[in-house]
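Results of the structural survey
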Amino acid sequence: MTSPQKKHLEALERAEASIAEARERVAQDRWRLRYHAAAPAYWINDPNGFSFYRGEYHLFYQHHPYSPEWGPMYWGHVKSRDLARWEHLPIALAPTEDYERDGCFSGSAIEKDGKIWLMYTGNVWTGEDRDHDLKQVQALAYSEDGIRFEKFAGNPVISAAPEGDVHPFHFRDPKVWKHGETYYCVLGSQTTDRRSGQVLLYRSSNLTDWSFVSIMAGGQEPTETLGYMWECPDLFALNGQDILVCSPQGMKPAGELYHNLHQSGYMLGKLDYDTGRFEHGDLQLLDYGFDFYAPQTTEDDQGRRILIAWMAMWEDKMPEQIRGWAGAMTIPRVLTLENGRILSRPAPDLAKLRGEGVTYGQIRIADTSREKIYAEREEYVMPSVSSDIRGGQEFAGVNGDCLELEVEFDAGSAASFGLSLRVGETSGEETLLTYDREQQKLILDRERSGAGSGGIRKAPLALRENRLRMRIFIDRSSVEIFAGDGEVAISARIYPGVDSTGIRFFAEGGESALTALHCWPLDR
């Protein structure tokens, strides 16, 4: 065993020991997610190295194994045979070499000659200002069993940013793929004056020797349009169409869009492999919620394009940190390209988690407007907003903190309709999901969702034949909504009390109907 490899293994052992001390305590936390991929304890952010290797899905992630705060990044690791149940594996990477001493930042994975190779960014802070005082390079590690990794002796394989209008220190997050007999990777970057984000394209004949091709996309738009830095790029093809996924930082709000600190979206286009230029359309969001960042995709043995993202957001409240952990991944989503847009649907594999469910159908939902309800009483006293819970209709067996709902509404005559999730009678907690017919928007309101951040997010969505279909996944401190036939996804972390498990259905300004309701408890 070489000296660098011994040093790496020792660092991994120390990190595993740290995690072991906190693992059992974290598992007992009431907000701890049950069926989402997450670190056993402490900090987690970007998904990395999402890949399908030897019949299993491998998912790595940015991880600080010594505290629930962001710190020097390691690569945590889980795997799954079915996208529904995840198995924790030993930490894969630790920052032990000079070129990565302050973190093994984000990257990707690819199979070559029977081995799984990780390509990642090595980060070094060169001063106090972490926006300007840093050096980033690209490195490789490999494994023959998919569990224990050895760093490539020739690291770093890309030691400096290319010449030209490319920031010399901010280039990171390689996503690698093979096209024909050639390997390619994209890297997130920005212009030298930090005016505009961009994506760089590299190529290699052997995965270890890389040459710069071009500034593939970006570099032209002002900061207000598409941000000053494009992180975590991912290029893939669906139905003969090339798609660039990235996470722009610094986009300005536009109406009711782009109100998160950073965004994640996609652009449809075509990559010219000869010139290295990607001609593309406008950025479109992949998720309209609060907590969705740094998505990464892989293709499995069924030819499906699967996406997973970090289900959190920088600088947001993370109440779970005081309990020894922070962050999680979204559920896996299958992407398809239909009629010029990406549709995002929950992986059907998740049905394996369902327990015995209940079913209802063809139920009238009366007008539950607060003004109407209280006006019909002899003594009309409107409660304060802080203590009132929206009225509505409840159904036996439709409640809990870890479940899946399939819902179909007929809008009827209602001006708006929807459901209240994680309702607490005594606490006044609820997370509201409302469809507004005049705005033609689906609205998620977490102003009274519990201990976390509040806020409202809106997603444009037209009814189909006056009906709205949704699938909703609740997992203790998260909610993920898929509306229409995959046209809209909304993800959010919420932190209600343990007794806030009610679910109510409501209509306002008229009546609506539930044409179908299915509810299943979920567990890993």
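I will try to describe carefully the structure that is included in this document. (Residues numbered from 1 in each chain as written. Predicted model: local features only at pLDDT ≥ 70, side-chain atom pairs only at ≥ 80, totals over all residues. Heavy atoms only, no water.)

1. Observations regarding the sheet that holds strand 4 (residues 87-88)
- Strand order in this open sheet of five strands is 4-3-2-1-20, and the pairing throughout is mixed. Of all the strands in the sheet, the pair left with one neighbour each is strand 4 and strand 20 (325-326).
- Bridge analysis of strand 1 (residues 42-53) against strand 2 (residues 56-64) gives seven bridges, and the strand direction is antiparallel. Bridged to Tyr53 within strand 2 is Glu56.
- Running over the sheet, helix 1 (residues 3-27) touches strand 1, strand 2, strand 3 (74-80), strand 4 and strand 20 and is turned about 115° from strand 1. (Pairing = 2+ DSSP bridges. Helix = DSSP H or I, 4+ residues; strand = E, 2+ residues; numbered from the N terminus. Contact = heavy atoms within 4.5 Å. Axes fitted to C-alpha atoms, helices over the stretch in contact; angles between N-to-C directions.)

2. Structural notes on the pattern of salt bridges
- According to the stated counting rule, one finds 36 salt bridges in the structure shown.
- Glu394 is the partner of Arg504 in a salt bridge, and the nearest nitrogen-oxygen pair spans 2.7 Å. One end of the pair, Arg504, is in strand 33 (residues 502-508); the other, Glu394, is in the loop between helix 3 (370-375) and strand 25 (402-410), and 110 residues separate them in sequence.
- Across the salt bridge formed by Glu404 and Arg471, the nearest N and O atoms sit 2.7 Å from each other. Placement of the pair is Glu404 in strand 25 and Arg471 in strand 30 (residues 467-475), with a sequence separation of 67 residues.
- Linked through salt bridges whose partners overlap, the residues forming this network are Arg354, Glu404, Glu406 and Arg471. (Salt bridge = Lys/Arg side-chain N within 4 Å of Asp/Glu carboxyl O.)

3. Focus on the packing of aromatic side chains
- Per the counting criterion, the structure on display carries 22 aromatic pairs.
- On the numbers, 5.5 Å between centres and 65° between planes, the contact of Phe395 with Phe505 is edge-to-face. Here Phe395 is found in the loop between helix 3 and strand 25, whereas its partner Phe505 is found in strand 33, with 110 residues between them in sequence.
- Accessibility expressed as a relative area gives 9% for Phe395, which makes it buried.
- Plain terms: the ring middles of Phe417 and Tyr435 are 5.6 Å apart, the flat faces sit at 35° to each other, and that makes the pair tilted. With a gap of 18 residues between them, Phe417 in strand 26 (residues 416-423) and Tyr435 in strand 27 (residues 430-436) connect regions that are remote in the sequence. (Phe/Tyr/Trp six-rings, centres within 6.5 Å; stacked < 30°, edge-to-face > 60°. Buried < 20%, exposed > 50% of the residue type's maximum accessible area, 1.4 Å probe, protein only.)

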